[in-house]
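# Structure at a glance
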Amino acid sequence: MSLKLEDNEVDIVVAALRPNLNTFLEEWRSFFSNFHLIIVKDPNLEEDLQIPPGFDHQVYTKSDMDRVLNGASINFSGHSCRYFGYLISRKKYIISIDDDCLPARDNSGVIVDAVAQHISNLQTPATPFFFNTLYDPYRQGADFVRGYPFSLRDGVECLLSCGLWLNIADYDAPTQIVKPHERNTRYVDAVMTVPLRAMMPLSGINIGFNREVLGPALVPGLRLDGEGKRRWETIEDIWSGMCAKVICDHLGCGVKSGLPYVWRGVGSDADNAMDSLKKEWEGVKLMEEVVPFFQSVKFPKTAVTAADCVIEISRMARENLASLNPVYAQAADTMEAWVDLWKVAGS
Amino acid sequence: MAKESSSKLVPGTPLLKDELDIVIPTIRNLDFLEMWRPFFQPYHLIIVQDGDPSRTIKVPEGFDYELYNRNDINRILGPKAACISFKDSACRCFGYMVSKKKYIYTIDDDCFVAKDPSGKEINALEQHIKNLLTPSTPHFFNTLYDPYRDGADFVRGYPFSLREGAPTAVSHGLWLNIPDYDAPTQLVKPLERNQRYVDAVLTIPKGTLFPMCGMNLAFDRELIGPAMYFGLMGDGQPIGRYDDMWAGWCTKVICDHLRLGVKTGLPYIWHSKASNPFVNLKKEYNGIFWQEEVIPFFQSAVLSKDCTTIQKCYIELSKQVREKLGKIDPYFNKLADAMVTWIEAWDELNPPKEAAGVPNGTVKGK
């Protein structure tokens with residue numbers, strides 16, 4: 001597909017949790033090479049990063065984070081380091097893919113340009129108010145079906161594009177333990193809008209979003225006490241995804257899910273989920289409180305930007321969740337600090 | 001959860017063959033059944049013959065069926081027959097009412113067996129049965145779609161307390177080849193064919209409405225049957241091609257209220273016949289305008305806590321239709337009346353099991 005935008009409207013943010021980015025970047029080269037890369041090094045990673053030549057890129061490390069944070073208490077370690085990249089970017093769109101994911105192949109064996117697909121998702125409208133049974137009506141060969149109200153066919157702006165993964169799916173630790181050999185081999189050829197008020201778990205492994213409008217909503221708020229480097233030892237993306245979804249619903253914008261797929265597996269720890277269970281069990285329990293909380297979030301009419309909404313969520317979290325678990329109070333603090341930081345360093 | 005697992009042990013065993021009826025409305029012929037024979041023959045068919053009752057519709061040999069024409073409908077329902085449409089496939093809902101089975105599959109007579117991307121013929125009925133026998137997940141969206149499918153599961157972040165899901169009341173299948181577009185879209189894109197096989201079943205989230213197409217549809221009659229009234233369409237009515245839409249909006253509101261699930265996606269059938277877009281435009285004309293008000297009505301419809309049965313939900317909805325939609329057009333007052341008549345007729349033909357008397361006689365084809 002042809003990109004209707006300038007390449008300088010997109011930053012690709014890579015969270016480097018491992019030093020060797022050679023394979024990752026070489027495999028993605030043909031899709032990444034037109035864009036600027038923001039490579040954010042996990043502050044806990046000591047070794048130097050290995051980056052192949054020929055990429056327009058900038059590396060950010062702990063010292064950059066300390067400088068920008070200027071004392072603010074936001075923890076950018078592990079998978080959360082990517083949020084620093086979101087913050088300091090100046091582009092309209094961000095695409096972020098985990099460093100253990102490679103391009104996937106579709107059902108005809110063609111390599112998928114995940115970057116182009118995310119951009120296409122973000123540049124075509126979303127349809128959150130009424131479900132189209134043929135999925136994305138703006139795709140070639142599809143349309144709105146009989147019975148779809150005409151007044152809703154313009155759609156609304158899509159602010160978040162949630163991609164999927166073949167091979168090692170993004171399961172939690174208990175599911176990994178029960179099904180250690182399961183691989184996701186089903187390529188579902190669809191993009192769809194997640195309807196208004198429907199909640200979903202955002203996987204940070206493969207996303208694109210409109211930084212201009214939604215930026216502050218992708219917030220490294222909820223950290224598990226024992227948060228680790230494996231995806232199933234984290235919950236930061238789930239929390240920020242919930243924030244993003246309720247904010248999109250409030251702003252009258254859309255969230256899409258489905259294509260593109262990436263192929264996940266290089267360097268992933270598909271086994272050893274048992275150790276992770278201790279860490280992510282906490283996360284699994286927290287979801288029981290987090291989900292009803294987000295389902296009840298209501299914003300005042302005065303909240304007109306993503307930043308306003310984040311402040312509201314932080315206030316409500318402090319009121320309704322903090323007494324249940326100290327991580328929520330921490331999340332509320334982080335979210336407030338994040339919005340302040342965004343005002344200074346993010347705009 | 002799964003009510004029948006015997007099919008998994010013996011490949012090719014028809015599932016639910018004594019618990020499912022196939023309802024087919026027709027005004028033309030039933031030639032299409034030949035292609036479906038390997039998949040449909042074990043099941044009982046209920047044919048609802050629309051149009052001229054003096055025509056004989058030939059049912060291919062070897063099928064077990066009952067056939068109802070307009071005379072039968074009038075005889076069985078008496079004055080209540082007025083709620084069943086004439087000269088419109090909406091008449092199919094009469095078949096739902098007279099069925100004695102737990103599950104219904106309904107299919108149009110221009111729908112044929114499709115092939116999946118590997119070239120294998122799709123047993124649509126089997127997929128619908130799988131959809132109905134596994135839970136739905138209306139309360140939280142699973143990004144890997146149906147978590148109960150082989151090779152899939154709930155993703156990280158999906159609350160465990162919601163992983164039992166909700167009972168599935170409706171399975172809404174899709175169509176390859178001629179897509180189910182409205183007349184304006186058909187006129188603008190007469191050559192478009194749906195060639196994209198999307199290998200997913202998913203639950204439509206609670207609180208979200210959708211355009212339900214009656215071409216390839218299955219449902220649990222015990223869980224939602226009375227809500228599947230296909231409205232007043234066709235002869236003498238100001239609207240057509242909104243029968244399934246109407247049933248879909250009512251059904252979804254009621255499913256959401258009763259905490260039941262609605263799935264959409266697989267199976268695909270092959271839709272062979274493109275109806276005339278000019279004829280369609282005349283039928284849909286009012287609907288295109290009315291739906292702009294009807295859909296917000298359904299989106300904001302709230303049923304009271306006393307509505308604990310489908311019938312109570314439906315009667316309550318009919319009151320709201322009269323109150324809020326009657327002002328759009330007198331048609332909606334008629335429709336609200338017909339909704340009540342439908343429930344009365346349903347309850348007459350389907351008395352509660354404790355009070356079961358003589359079962360209604362079945363009508364074999366002439």
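Now for a quick tour of the structure. (Residues numbered from 1 in each chain as written. Chains lettered and ligands numbered in written order. Predicted model: local features only at pLDDT ≥ 70, side-chain atom pairs only at ≥ 80, totals over all residues. Heavy atoms only, no water.)

### Some words on the overall build of chain A
Stated precisely, the cut-off is as follows: Secondary structure elements are taken from DSSP: a helix is a run of H or I of four residues or more, a strand is a run of E of two residues or more, and numbering for both begins at the N terminus. With the radius of gyration taken over C-alpha atoms, the globule rule is written as 2.2 Å times the number of residues to the power 0.38. Only protein chains enter the accessibility calculation, which uses a 1.4 Å probe. A residue is then buried if its area is under 20% of the maximum for its type, exposed if over 50%, and partly exposed in between. Whether two residues are in contact is decided by their heavy atoms: any pair within 4.5 Å suffices. Accessibility throughout is a Shrake-Rupley quantity obtained with a 1.4 Å probe, and a residue counts as covered only by protein chains that appear here. Neither His nor the chain ends is counted toward charge; the positive residues are Lys and Arg and the negative residues Asp and Glu. Charge coordinates come from a single atom per side chain, which is NZ of Lys, CZ of Arg, CG of Asp or CD of Glu.
A tally of helices and strands in chain A yields 10 helices and 9 strands. Computed over C-alpha atoms, the radius of gyration of chain A comes to 19 Å, within 12% of the 20 Å expected from 2.2 N^0.38 for 347 residues, which places it in the range of a compact globule. Considering only C-alpha atoms, chain A reaches an extent of 55 × 50 × 45 Å along its principal axes. In chain A, which comprises 347 residues, the share counted as buried stands at 63%. In chain A, once contacts between residues fewer than 6 apart in sequence are set aside, the share between residues at least 24 apart is 77%. Carbon together with sulfur atoms contributes 49% to the accessible area of chain A, which is approximately 12700 Å² in total. Within chain A, the 46 negative side-chain charges are centred at a point lying 3 Å from the centre of the 34 positive side-chain charges.

### A short note on helix 2 (residues 62-69) of chain A
Residues and elements named next belong to chain A. Note the cut-off: It is the directions from the helix axis to the C-beta atoms that the arc portrays.
What helix 2 keeps buried is the set Asp64, Met65, Val68 and Leu69. What you see down the axis of helix 2 is that its buried residues fit within an arc of 125 degrees, all on one side. For helix 2, the secondary structure elements touched by its buried residues are strand 2 (36-41), strand 3 (57-60), helix 3 (81-88) and helix 10 (326-346). Following helix 2 by one or two positions, asparagine 70 adopts a phi angle in the positive range, close to 50 degrees.

### So, the packing of aromatic side chains
Here is the rule we go by: Two rings from Phe, Tyr or Trp (for Trp, the six-membered ring) form a pair when their centres sit within 6.5 Å of each other. Planes less than 30 degrees apart are called stacked, planes more than 60 degrees apart edge-to-face, and all others tilted. Throughout this description, the term charge over a ring refers to an Arg CZ or Lys NZ atom that lies within 6 Å of the ring centre and within 35 degrees of the ring normal.
Within this structure, the stated rule accounts for 41 aromatic pairs over all chains. Between Trp239(A) and Tyr328(A), the aromatic rings sit 6.4 Å apart at their centres with planes inclined by 35 degrees, giving tilted as the arrangement. Taken together, the residues Trp239(A) in helix 7 (residues 236-251) and Tyr328(A) in helix 10 connect sequence positions 89 residues apart. Note on Phe297(B) and Phe298(B): the rings are 4.9 Å apart at their centroids and 70 degrees apart in plane angle, and the pair reads as edge-to-face. Grouping aromatic residues by their ring pairs yields a cluster made of Tyr60(A), Phe76(A), Tyr83(A), Phe84(A), Tyr86(A), Phe209(A), Trp338(A) and Trp342(A). Sitting above the plane of the Phe160(B) ring, Arg163(B) keeps its charged end 3.6 Å from the centroid.

### Concerning the pairing of strand 8 (residues 206-210) of chain A
Residue and element names in this part refer to chain A. The condition that has to hold: Criterion used throughout: strands pair if DSSP finds at least two bridges between them.
Counting buried positions along strand 8 yields 5 of 5 residues, so the element is predominantly enclosed. Burial along strand 8 is two-sided: Asn206, Gly208 and Asn210 and Ile207 and Phe209, pointing in opposite directions, are all buried. Looking at chain direction, strand 4 (residues 93-97) and strand 8 are connected through 5 bridges and run antiparallel. Each bridged residue has a counterpart across the sheet, and for isoleucine 94 the counterpart in strand 8 is phenylalanine 209.

### Structural notes on the interface of chain B and chain A
Put simply, an interface is often sized by how much accessible area is lost when its parts join up. Put simply, the rule reads: In this description, buried area is defined as the sum, over both parts, of the accessible area (probe of 1.4 Å) that is lost when the two are combined. By definition, a salt bridge exists where a carboxyl oxygen of Asp or Glu is found within 4 Å of a side-chain nitrogen of Lys or Arg. A 3.5 Å cut-off defines polar contacts: any pair of N or O atoms within that distance qualifies, except that in protein one atom must be a possible hydrogen donor and the other a possible acceptor, and neighbouring residues in sequence count only when both atoms are side-chain atoms. Classification convention: Asp, Glu, Lys, Arg as charged; Ala, Val, Leu, Ile, Met, Phe, Trp, Tyr, Cys, Pro as nonpolar; all other residues, Gly among them, as polar.
Tallying the contact residues gives 60 residues for chain B and 63 residues for chain A. For the pair chain B and chain A, the summed buried area comes to about 5000 Å², and 56% of that belongs to carbon and sulfur atoms. Our count for the contact surface shared by chain B and chain A stands at 10 salt bridges. If you look at where chain B meets chain A, you find 26 residue pairs in polar contact (both at pLDDT 80 or more). Listed by contribution, the elements that provide at least two residues to the side of chain B that touches chain A are strand 6 (168-177), helix 6 (183-188), helix 8 (243-258), strand 9 (261-271) and helix 9 (277-299) of chain B. The greatest single-element share of the side of chain B that touches chain A, amounting to 6 residues, is contributed by helix 9 of chain B. Taken together, the residues that form the side of chain B that touches chain A break down as 30 nonpolar, 14 polar and 16 charged.

That's the geometry; what it means functionally is another story.
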